[in-house]
Amino acid sequence: MAPATHRLIGRDDLLAALDRAAARKVTIISAPAGSGKTSLLRAWADRPDQRYRLTVLRVQRDQQDAQQFWLALLDAVRHASATDGRAEPQAATPDFNAPAMVDRVLSELADAPGDIMLVIDDLHELTSPAALSQLTQLLVSLPPHAHAILTTRHDLRLRLHQLRLAGELAEIRAADLRFTERETRELLDASGIALSAAGAALLHQRTEGWAAGLRLAALSLAGHPDPERFVAEFSGSDRTVAEYLLAEMLDRQPPDVQDLLLRTSLLDRVNGELADLLTGRPGSERILLELEDANAFVESLDPQRAWFRYHRLFGDMLRLQLRRTLPAEVPALHRLAAGWFTSQGHEAEAIRHTQAAGDWPEAAQLLADHSFSLTLDGQAQTMQALAGAFPPGTDYPELALVRAMGDLAQGRLDEAAAHLAVAETYAETTPPSRRRHLQVAIASLKLSLARRRGHLASVIEQARFLASPVTGPSDEDIALGSDLRAVALMNLGTAEAWSLGLPDAIGHLQEGAVLAREIGRPYLEVGCLAQLGFAYIFDGAAMPEVDAFAATQRRCREAIALAERYGWGTEPVIAPALMTLAGTMVWLGEFDEGERWLRRTERALQTDTGPDIRLLLHQTAGMLHAGRGRRREALEEFGAAEDLAAQLEGSQALASQVTGWLLATQARLGRPGQARARLAALDDERASSGEIRNARAVIYLAEGDPAAALVAVADVLDGTAAVLGYVTVLEAHLLAGLAHRELGDQRAANQAAERALALAESDRLILPFAMTGSAELLEALPRHQTAHAAQLADILNVLHGSSPAARQQSPPPAEELSPGELRVLRYLPTNLTRPEIAGELSVSLNTVSTHLRSIYAKLQVRDRSSAVQRARELRLLAAGRTR
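Reading the values: rules and limits
- Here the residue index of a chain counts from 1 through its sequence in written order.
- It should be noted that, the model being predicted, local features are given only for residues of pLDDT at least 70 and side-chain atom pairs only at 80 or more, the latter also being counted only at that level, while totals for whole chains, interfaces and linings use all residues.
- Hydrogens and water molecules were not included; the side-chain quantities draw on all heavy atoms of the structure.
- Strands are runs of DSSP state E lasting at least 2 residues, helices are runs of H or I lasting at least 4, and numbering of each runs from the N terminus.
- Residue burial considers only the protein chains on display, and all accessible areas are found by Shrake-Rupley using a 1.4 Å probe.
- Accessibility here uses a 1.4 Å probe with only protein chains present; expressed as a share of the type maximum, an area under 20% marks a residue as buried, one over 50% as exposed, and anything in between as partly exposed.
- Pairs of N or O atoms within 3.5 Å make up the polar contacts considered here, provided that, within protein, one atom can donate a hydrogen while the other can accept it, and that residues adjacent in sequence are counted only when both atoms are side-chain atoms.
- Here the term cavity refers to a set of points on a 1 Å grid, laid over the protein atoms alone, in which a 1.4 Å probe fits but cannot get out; the term pocket refers to an open set having protein on both sides within 12 Å along at least five of seven lines, with lining residues being those that place an atom within 4 Å of a point.
- Grid points are joined across faces, edges and corners, and a volume is the space filled by probe spheres set on the points.
- Throughout, the ten residues Ala, Val, Leu, Ile, Met, Phe, Trp, Tyr, Cys and Pro are labelled nonpolar, Asp, Glu, Lys and Arg are labelled charged, and all others, Gly among them, are labelled polar.
- We treat two strands as partners when DSSP finds at least two bridges between them.
- Every axis in this analysis is a line fitted to C-alpha atoms, fitted for helices over the stretch in contact. Angles between the N-to-C directions lie between 0 and 180 degrees.
- Here, two residues are considered to be in contact whenever any of their heavy atoms come within 4.5 Å of each other.
- Aromatic rings from Phe, Tyr and Trp, taking only the six-membered ring of Trp, are treated as a pair when their centres fall within 6.5 Å; an angle between ring planes under 30 degrees marks them as stacked, one over 60 as edge-to-face, and anything in between as tilted.
- Charge-over-ring placement is defined geometrically: NZ (Lys) or CZ (Arg) within 6 Å of the ring centre, and within 35 degrees of the ring normal.
- Comment on the angle field: the value is read as roughly parallel under 35 degrees, roughly antiparallel over 145, roughly perpendicular from 65 to 115, and oblique elsewhere.
- Here a crossing is taken to be left-handed if its near helix is turned anticlockwise relative to the far helix by less than a right angle, and right-handed if that turn runs clockwise.
- The directions considered for the arc are those from the helix axis to the C-beta atoms.
- How sure the predictor is of each residue is captured by pLDDT, a score from 0 to 100.
- The set of buried Ala, Val, Leu, Ile, Met, Phe, Trp, Tyr and Cys residues whose side-chain atoms join them within 4.5 Å is what this entry labels a nonpolar core.
- We define a salt bridge as a side-chain nitrogen of Lys or Arg found within 4 Å of a carboxyl oxygen belonging to Asp or Glu.

Draft legend 1. Main features of the overall build of the protein. Summing up its helical and strand segments, the protein has 47 helices and 8 strands in all. Summed over its atoms, the accessible surface of the protein is roughly 36800 Å², and 50% of this surface lies on carbon and sulfur atoms.

Draft legend 2. Region of the structure containing the side chain of Lys858. The topology assignment puts Lys858 in helix α46 (residues 845-859). Under the relative-accessibility criterion, Lys858 is labelled buried at 11%. Polar contacts involving the side chain of Lys858 include one to the side chain of Glu821, which spans 2.9 Å.

Draft legend 3. Layout of empty space enclosed by the protein. Within the structure shown, the criterion is met by 7 cavities of 30 Å³ or more. In this structure, the second largest cavity encloses a volume near 100 Å³. If you trace the second largest cavity, you find it lined by Trp587, Gln657, Gly660, Trp661, Glu691, Val727, Thr728, Glu731 and Pro768. Counting residues per element, the ones that place at least two in the lining of the second largest cavity are α34 (652-668) and α39 (726-742). Of the residues assigned to the lining of the second largest cavity, the class counts are 4 nonpolar, 3 polar and 2 charged.

Draft legend 4. Fine view of unusual backbone geometry. Phi is positive for Arg305, which is not a glycine, with a value near 55°. Mapped onto the fold, Arg305 is located in the loop between β7 (298-300) and β8 (307-310).

Draft legend 5. Structural detail: the environment of Ser220. Along the chain, Ser220 falls in helix α10 (residues 211-221). Note on Ser220: relative accessible area 0%, which makes it buried. In sequence terms Ser220 and Met249 are 29 residues apart; their C-alpha atoms lie 5.9 Å from each other.

Draft legend 6. Focus on the sheet that holds strand β3 (residues 116-121). Read from one edge of the open sheet, 5 strands run β2-β3-β4-β1-β5, paired in parallel fashion. Only two strands of the sheet have a single neighbouring strand rather than two, namely β2 (53-58) and β5 (169-173). The sheet shows a mean angle of 15° between the axes of neighbouring strands, taken without regard to direction. Across 5 bridges, the pairing between strand β1 (residues 26-30) and strand β4 (residues 146-152) is parallel. Bridge pairing links Ile28 to Leu150 in β4. Packed onto the sheet, helix α1 (residues 12-22) meets β1, β3, β4 and β5 and runs at close to 140° relative to β1. Helix α3 (residues 66-80) contacts β2 and β3 of the sheet and is inclined by roughly 155° relative to β2.

Draft legend 7. Structural context of the packing of aromatic side chains. For the coordinates displayed, the defined rule picks out 12 aromatic pairs. Seen from their ring centres, Trp340 and Phe341 are 5.3 Å apart, and the 80° between their planes marks the pair as edge-to-face. Neither residue differs from the other here; Trp340 and Phe341 are each classed as buried. Both rings, one in Phe549 and one in Trp587, keep their centres 6.3 Å apart while their planes meet at 80°; by these two values the pair is edge-to-face. Of the two residues, Phe549 sits in helix α29 (residues 548-565) while Trp587 sits in helix α30 (residues 575-587), which places them 38 residues apart along the sequence. A single burial state applies to Phe549 and to Trp587, both of which are buried. Cluster of aromatic residues (ring-pair linked, three or more members): Phe549, Trp587, Phe638 and Trp661. The ring centre of Phe179 lies 3.9 Å from the NZ or CZ of Arg11, which sits over that ring. Residue placement shows Arg269 over the ring face of Trp307; its charged tip is 4.2 Å from the ring centre.

Draft legend 8. How the structure looks around the packing of α39 against helix α40 (residues 746-761). It is at 7 Å that the axes of α39 and α40 come closest, and there the two elements cross at 160°. Compared by their axis directions, α39 and α40 come out roughly antiparallel. Of the two elements, α39 crosses α40, and the hand of that crossing is left-handed. Judged by residue contacts, Tyr726, Val729, Leu730, His733, Leu734, Ala736, Gly737, His740 and Arg741 of α39 engage Gln746, Ala748, Ala749, Ala752, Arg755, Ala756, Leu759 and Ala760 from α40. Taken together, the residues of the contact of α39 with α40 sort by class into 11 nonpolar, 4 polar and 2 charged.

Draft legend 9. Representation of the sheet that holds strand β6 (residues 270-271) within the structure. Ordered by their spatial adjacency, 3 strands build an open sheet running β6-β8-β7, and the pairing between neighbours is antiparallel. Of all the strands in the sheet, the pair left with one neighbour each is β6 and β7. Note: β7 against β8, 3 bridges, orientation antiparallel. Across the sheet, Glu299 pairs through a bridge with Arg309, a residue of β8. Those strands touched by helix α15 (residues 284-293) are β6, β7 and β8, and its axis lies near 105° from that of β7.

Draft legend 10. Molecular detail of helix α9 (residues 197-207). Where α9 is concerned, the buried positions are Gly199, Ala200, Leu203, His204 and Thr207. Down the axis of α9, the smallest arc covering the buried residues is 140°, so these residues share one side. Opposite its buried face, α9 presents the exposed residues Ala197, Ala198 and Gln205, each directed more than 90 degrees away. Note on α9: the residue one or two positions beyond its end, Glu208, has a positive phi of about 55°.

Draft legend 11. Summary view of the confidence of the model for the protein. Averaged over all residues, the pLDDT of the protein is 84; the fraction at 70 or higher stands at 88%. Ignoring residues within four places in sequence, the model shows residues 1-6, a span with pLDDT below 50, making 20 contacts including any to other chains.

Draft legend 12. Spotlight on the side chain of Thr27. Structurally, the position occupied by Thr27 is in strand β1. A distance of 2.9 Å separates the side chain of Thr27 from the backbone oxygen of Ala21, its partner in a polar contact. Not counting residues within four places of it along the chain, the set of residues in contact with Thr27 comprises Leu18, Ala21, Ala22, Ala148, Ile149, Leu150 and Ala170.

Draft legend 13. Up close: the environment of Glu558. Along the polypeptide, Glu558 turns up in helix α29. Given a relative accessible area of 54%, Glu558 falls into the exposed group.

Draft legend 14. Up close: the nonpolar core. By size, the foremost hydrophobic cluster in this structure holds 183 residues, and its most contacted members are Leu367 and Ile574. In this view, Ile574 contacts Val526, Ala530, Ala559, Ile560, Ala563, Trp568 and Gly569; residues no more than four positions away in its chain are not counted. By size, the runner-up hydrophobic cluster in this structure holds 38 residues, among which are Val102, Leu106, Leu109 and Leu163.

Draft legend 15. How the structure looks around helix α47 (residues 864-873). Three or more residues of α47 are buried, namely Ala867, Val868, Arg870, Ala871 and Arg872. Buried residues in α47 make contact with α40, α43 (789-799), α44 (819-825) and α46. For α47, the N-terminal cap is Asp863; the gap from its side-chain oxygen to the backbone nitrogen of Ser866 is 2.7 Å.

Draft legend 16. Structural detail: the pattern of salt bridges. One pass over the full model with this rule turns up 43 salt bridges. The residue Asp592 makes a salt bridge to Arg628 at a minimum N-O spacing of 2.8 Å. Of this pair, Asp592 sits in helix α31 (residues 591-604) while Arg628 is found in the loop between α32 (611-627) and α33 (631-645), placing the two residues 36 residues apart along the sequence. A residue is classified by how much of its surface remains accessible, and Arg628, at 23% relative accessible area, is partly exposed. In this structure, Glu602 engages Arg599 in a salt bridge whose closest nitrogen and oxygen atoms are separated by 2.8 Å. Placement of both Glu602 and Arg599 in helix α31 is noted, with a separation of 3 residues, approximately one turn of the helix. Judged by relative accessible area, which is 33%, Glu602 ranks as partly exposed. Residue Arg599 is classed as partly exposed on the basis of its relative accessible area, which comes to 30%. Connected through shared salt-bridge partners, Arg58, Asp121, Asp122, Glu299 and Arg309 make up one network.

Next comes the structure, spelled out in structure tokens:
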């Protein structure tokens, strides 16, 4: 093996030039391979007087995925800032939000102590135009104490003209990196090579100061019997010089080293274990370490020196030599590499080597089987590039699944449907051992497609089989099945939630979240939890438990907190939880908070094009405007929501609510004629829903016919009309109260208002009172007679422009109240005496008195008034509700 020549000479002039350049915001070192870019950076970074904290990222070869680049850059910044131990490890997501990631890296740089230098080596390997555009944004927005050095083999399309005009862009090019004749002599001296002044001058002339040529010459000259003759014998271009000198260096290595270099040259990266496998001998790691120490164009990729790669020029020459000397063994070497990478979970590299071996059917199967994993790992662009690498004219049906995923990601829905049809036909012809996996993958993608189109009802029944486990005969199949099953449960539960199949949706989403946590897929866990928040609010609105809205808010915040741990706080995956939280805030009259969460939802939906979530965005915005009395703005939002509802198949209940509010808003704006015309166009099923009946009542009230309004809401109040949730019944009570008031029946109006307050109490809903314009109705209630005085005050405060009173968290009672005690408790806010309460409950006076003593003891109060106040704090006075 060649002796070590790894000691770097002191190129003081060049280091000084880099010092001057680094003082500017961005420095670009652009020069061909072998020009000494990395060596210069290493010498500059290793100086003892280095003032910068260095963040170093070497771009992976042929990096096509923007997300992988940014995750690696974020990790490098955190490592340099010593915050990597405190931050949650970043995980990939299929819905990559590049602007948010740029902001996160900038935030980490801003928080880094002292001056920090961002070094990105081999930037030419980043082939994603989107990533380069995002990098431009980062570079022009660096904080004051942050600087960047980029190295590349050719100029890149980085739009840095602003920095150039401001004098903040420095460039070092190939001519600047060439060795001078003096530096050439210093290199030879440092390498222990005795060469005459004329020989050194000739060597400099022949290599033109090219760093790689000089380095190769030094390796070849070491121990050469006639250095002068050696220098005189070679000439030509850089490539010719490189090929000659590299071949010379390879020939001088021992046979086992030559064999290792040749057999592993087909790898982009190699470690000792993989090299042992390809050579069939142990001891490869020692050889790789010695080659790096000898500066023999082998370089480590990690601080532990476990992974290595060959210099590009060296690797090209080795691969050429491999094809010349061992052509028959090349496919077998690729197959060995593919098997090893598969066993280590590096699917993309495994597929590349399977393709390189010419095993195209196996490569297609491998790509299809791992398409979901690659997408979840943020390698969607790599996956599509692998699909594009198959020979023209070949048609592997498995690839239809891969192409469908790419089409879905790009919004090409018709093309996705066509590819899924091909995949579905092919799946029927596959052996049973593969058929199940393919069917699960296809059905899951069909659900995603249907949701994007709003056509859930047509596919959801076909996809019920997704709820059954995916099993396989091997550990690999089981792991593959876990990924598929988690995705399938998330997609199925999401489809069921939007179709309001709520019990099934909640069960499947909960199961999916648990499975995702077990298999280490946080993106899927967040996705399931975010959809659960949406499902819970509708489930609670239909058959509510006490404080259902507050419980939903807790669930949404838990999902959002988990998403934020992984940096997904504004990704589409968390949008349902953000939207649901915004909606609950609006329902509770917390309009400013609701608006803040609504704006955050809008940011998360910048890359989502499904009509379902955008429908809720417009609907919630309409609710917010209506609650604030901005009816024109509310009408515009409800109109946009109804347009989207028309695209949704199988979501009649949601569509009826939107349409009902749209009609009611038109009527309240003095346009009852327009509302009636739209009402007449509805089919009988929707027109008979509780939401539309309420809207008809609003139209009658606007036309001055309160008696007809009472008739309109009668079926809602007696429970015969289908409703989306109890809020529709609450709204009907308020409309009935307004109608009674118009008819002059104040007693009936007060009773209707009391019923509405009772329904709203457990969740403290405020929005229905604001949307229906019920302030005067509530103000007419006698304060000394109402059972909901505190709640009434809160609602009126909001209706008059104040924020709702802050909820105080009271400690639970010392002991849970019995059902009998709860029945007595709910009569305490009334003016009924103990004997009257006993009569209402058909129990003895002694029983009521016993229950009262127990209630006082458990609530830790001394009188009836205090018991009522304490019960309100604990949400124990909620009235029962029905659908």
